[in-house]
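One letter stands for each residue in the lines below.
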Amino acid sequence: MATQQPLPPVTLPPPTPPNPAPTPVSLKLENIQGDILSGLPKKTETLYFFQITDAVKFRKDLKKFIPLVKSVAQVLKDREEIEKHKRDHHASVLHGFRPILIPLVGVNISFSHFGFKKLGIDDTKLIDTAFLDGQRFDAGANLGDKGSGSGQDFVPDWEEPFKKEIHGVIILAGDSHPSVDKKLQEIKRIFDVGGRTSSISEITSVQGDARPGDQSAHEHFGYLDGVSNPAIIGFDTNPPPGPAPVRAGAIILGQDGDESKTERAPWMVDGSFLVFRYLFQKVPEFDDFVFRNRLKGPGMSDKEGADLLGARLIGRWKSGAPVDLSPFQDDPELGADPQRNNNFHFSAELNFQKLCPFAAHIRKTLPRADLESRRISIERNRIMRRGIQFGPEVTRAEKLAKKTFHGRGLIFACYQSSITSGFQFLQSSWVNNTTFPPFETTPEVPGVDPILGQGTDRKLTGTDPNNPAAELNLDDEWVIPRGGEYFFSPSIQGLTNTIAA
């Protein structure tokens, strides 16, 4: 490839104060719901969305339900048991036998603002306007989802169940559909769903599954997912190299790093906000786009050119190798190495868009040195992602037609101590913002995140490393939001002493 002319150094603005030193942490792992810090182990997951129909009886039923809720401490024990099981059966797997999974199911529960309102619980000290407004309003005001109307009358182009008022969600994650379904039936009996004394009614449920074989942990476009979750000070021991660990309060309310720590009501401590988004992916159309717009160079095949463009749109190769470290060809060994695959920083002052486009998906959602080199902390903007894929693999007919016939995508879920500083901020101020990240010494406008960006101005620069100023027009949207809501996941004590009181 042709060499790029040297670029001038970045002129940094006056520094902002760095993060304060973390205080000693003693997290009550038996009090925090398990999905938040450790992630419920899962090959499959069902999200059961409900409305509360009888608030008084619901609180009574909830007392019977709470023993099913798994804490972080319990999930850590489950993971130890899973690892021991893997070691004990390692030899049989080597001889070609299919591994037998431990029948484990983890259950967690979260509530929307409308659910707390139905229960008569004052949640104003959660101090989060996005949560209090709900995602349906936010979809039009801040997220950029398509729809009709405006303000409180905005109706997003979502599936019908998600346009209704949702009071809560029960998450069930486990080893298999039979295990999860059996646990869901047990839960329905607790709340007498469908019976004469039912305290909840089902709005809808969605089911996700890990993709098969070597595509496990890869989302439907084919790229390794979930690599860059933040390490938590006081919880994660010896985290792999990468972005600096964050204080627990970035994810857990009432802990060091929670911007509103002193204002929280006692029942809110050790809880976390859950963002759910139902995201459909147009995989054949995405594959067709990157092939039609493939990059070209001496000795580069059509497939290699398409793979390179796809990697520059995402910021990673399908193996998980970041283009910041392996800019022009995939490195599966790097992608599979947790000690290296997240240890990069987007050193913009050295290469600008030569290695990774400013608008690449992983750079938009975690800009690293683009802000940290300016002494701008992004700790409060970190989120803990817990998504899973849904829908079938792409069929041969879809590949031939270059068109999606079957619904598939990502059940996106993430936790944070503030939606307004976390998910909402990332979507509105970073992902959808064509001028982010900002650089004063380069003429190129970054453009929109090609994967999650919403809006009409769908183009970006930097996809061609030899001509970073060239704009690439994105002629389609490959990720379509079709539902969502904002929830709060209380602590075990909060569930017991306040919500079920």
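All values derive from a computational prediction rather than experimental measurement. Counting of residues starts from 1 at the beginning of each chain's written sequence and follows it residue by residue. Two thresholds apply to this predicted model, a pLDDT of at least 70 for residue-level local features and 80 or more for giving and counting side-chain atom pairs, whereas whole-chain, interface and lining totals are computed over all residues. As a rule here, side-chain values come from all non-hydrogen atoms in the structure, and water together with hydrogens is ignored.

A. Focus on the overall build of the protein chain. Note on conventions: DSSP H or I runs of at least 4 residues are helices, E runs of at least 2 residues are strands, and numbering of each starts at the N terminus. Along the protein chain, the regular secondary structure elements total 17 helices and 13 strands. For the radius of gyration, the atom set is restricted to C-alpha positions; the globular benchmark scales as 2.2 Å times the number of residues to the power 0.38. Scaling as 2.2 N^0.38, a compact globule of 501 residues should have a C-alpha radius of gyration of about 23 Å, and the protein chain matches this with 23 Å. Each of the three principal axes of the protein chain carries a C-alpha extent, and together these read 70 × 60 × 50 Å. Here the protein chain holds 501 residues, and the buried ones make up 52% of them. Categorising residues by exposure relies on relative accessible area from a 1.4 Å probe, with only protein chains included: less than 20% of the type maximum marks a residue as buried, more than 50% marks it as exposed, and the intermediate range marks it as partly exposed.

B. Quick peek at helix 17 (residues 492-499). Every buried residue belonging to helix 17 is among Ile492, Gly494, Leu495 and Ile499, and all of these are buried. Whether two residues are in contact is decided by their heavy atoms, any of which lying within 4.5 Å being enough. Taken together, the buried residues of helix 17 touch helix 2 (55-65), strand 2 (105-111) and helix 5 (113-119).

C. Structural context of the nonpolar core. Counting residues in hydrophobic clusters, the biggest one holds 83 residues, and the most contacted among them are Leu62, Phe65, Phe111 and Ile170. For this core, the leading source of residues is helix 10 (residues 302-314), giving six residues. Residue contributions to this core reach at least three from each of two domains, namely domain 1 (44-279 + 484-498) and domain 2 (281-482). Counting residues in each nonpolar core, the second largest holds 37 residues, with Ile32, Ala139, Val206 and Ala413 among its members. Note on terminology: a nonpolar core comprises buried Ala, Val, Leu, Ile, Met, Phe, Trp, Tyr and Cys residues joined through side-chain atoms within 4.5 Å. For each domain, the first and last residues come from an automatic or database assignment.

D. Fine view of the pairing of strand 7 (residues 272-281). A large share of strand 7 lies buried, amounting to 10 of its 10 residues. Covered by surrounding structure in strand 7 are Ser272, Leu274, Phe276, Tyr278 and Phe280 together with Phe273, Val275, Arg277, Leu279 and Gln281, the residues of both alternating faces. Note: strand 7 against strand 13 (residues 479-489), nine bridges, orientation antiparallel. Counted as the bridge partner of Phe280 is Ile480 from strand 13. For two strands to pair, DSSP has to find at least two bridges joining them.

E. Broad picture of the pattern of salt bridges. Think of a salt bridge as a Lys or Arg side-chain nitrogen and an Asp or Glu carboxyl oxygen that are within 4 Å of each other. Going through the model one piece at a time under the given rule, you end up with 27 salt bridges. Of the charged contacts, one joins Arg380 and Glu259 as a salt bridge, the two residues approaching to 3.2 Å between their closest N and O atoms. Of the two residues, Arg380 sits in the loop between helix 14 (369-372) and strand 8 (384-385) while Glu259 sits in the loop between strand 6 (200-209) and strand 7, which places them 121 residues apart along the sequence. Residue class for Arg380 comes out partly exposed when judged on its relative accessible area of 44%. The residue Arg294 makes a salt bridge to Asp302 at a minimum N-O spacing of 3.1 Å. Classification of Asp302 as partly exposed rests on a relative accessible area of 40%. One network of salt bridges, with partners in common, ties together Asp288, Arg292, Lys402 and Asp475.

F. Quick peek at the domain arrangement of the protein chain. Domain boundaries in the protein chain define domain 1 (44-279 + 484-498) and domain 2 (281-482). Using C-alpha coordinates to define each centre, domain 1 is positioned 26 Å away from domain 2. Opposite the 64 residues of domain 1 that make contact, domain 2 presents 62 residues. Applying the counting criterion to the domain 1 and domain 2 interface returns five salt bridges. Glu379 is the salt-bridge partner of Arg247, the closest N and O atoms lying 2.7 Å from each other. Polar contacts here mean pairs of N or O atoms no more than 3.5 Å apart (in protein, one a potential hydrogen donor and the other a potential acceptor; neighbouring residues in sequence count only if both atoms are side-chain atoms). Our count for the contact surface shared by domain 1 and domain 2 stands at 31 residue pairs in polar contact (both at pLDDT 80 or more). Elements supplying a minimum of two residues to the side of domain 1 that touches domain 2: strand 1 (44-52), helix 6 (129-133), helix 7 (135-143), strand 6, strand 7 and strand 13. At eight residues, the largest contribution of residues to the side of domain 1 that touches domain 2 is made by strand 7. Side-chain classes follow a simple rule in which Ala, Val, Leu, Ile, Met, Phe, Trp, Tyr, Cys and Pro form the nonpolar group, Asp, Glu, Lys and Arg form the charged group, and the remainder, Gly included, forms the polar group. Residues that form the side of domain 1 that touches domain 2 fall into these classes: 32 nonpolar, 16 polar and 16 charged.

G. A look at the packing of aromatic side chains. Two aromatic rings from Phe, Tyr or Trp, using only the six-membered ring of Trp, form a pair when their centres are within 6.5 Å; if the ring planes differ by under 30 degrees the pair is stacked, by over 60 it is edge-to-face, and anything between is tilted. Per the stated rule, a full pass over the model turns up 29 aromatic pairs. Relative to Phe390, the ring of Tyr278 has its centre 4.8 Å away and its plane inclined at 35°; by these criteria the two rings are tilted. Here Tyr278 is found in strand 7, whereas its partner Phe390 is found in strand 9 (residues 388-390), with 112 residues between them in sequence. Classification of Phe390 by relative accessible area gives buried; the value is 5%. Their ring planes at 75° and their centres at 5.6 Å tell us that Phe425 and Trp430 sit as a pair that is edge-to-face. Note on Phe425: relative accessible area 24%, which makes it partly exposed. Put simply, the rings of Phe50, Phe58, Phe65, Phe111, Phe116, Phe131, Phe191, Trp267, Phe273 and Phe488 touch in pairs and so form one group of aromatic residues. Its guanidinium or amino end placed over the ring of Tyr223, Lys318 lies 5.7 Å from that ring's centre, counting from NZ or CZ. Over a ring means this: the NZ of a Lys or the CZ of an Arg is within 6 Å of the ring centre and within 35 degrees of the ring normal. Arg368 extends its terminal NZ or CZ atom over the ring of Phe344, reaching a point 3.8 Å from the ring centre.

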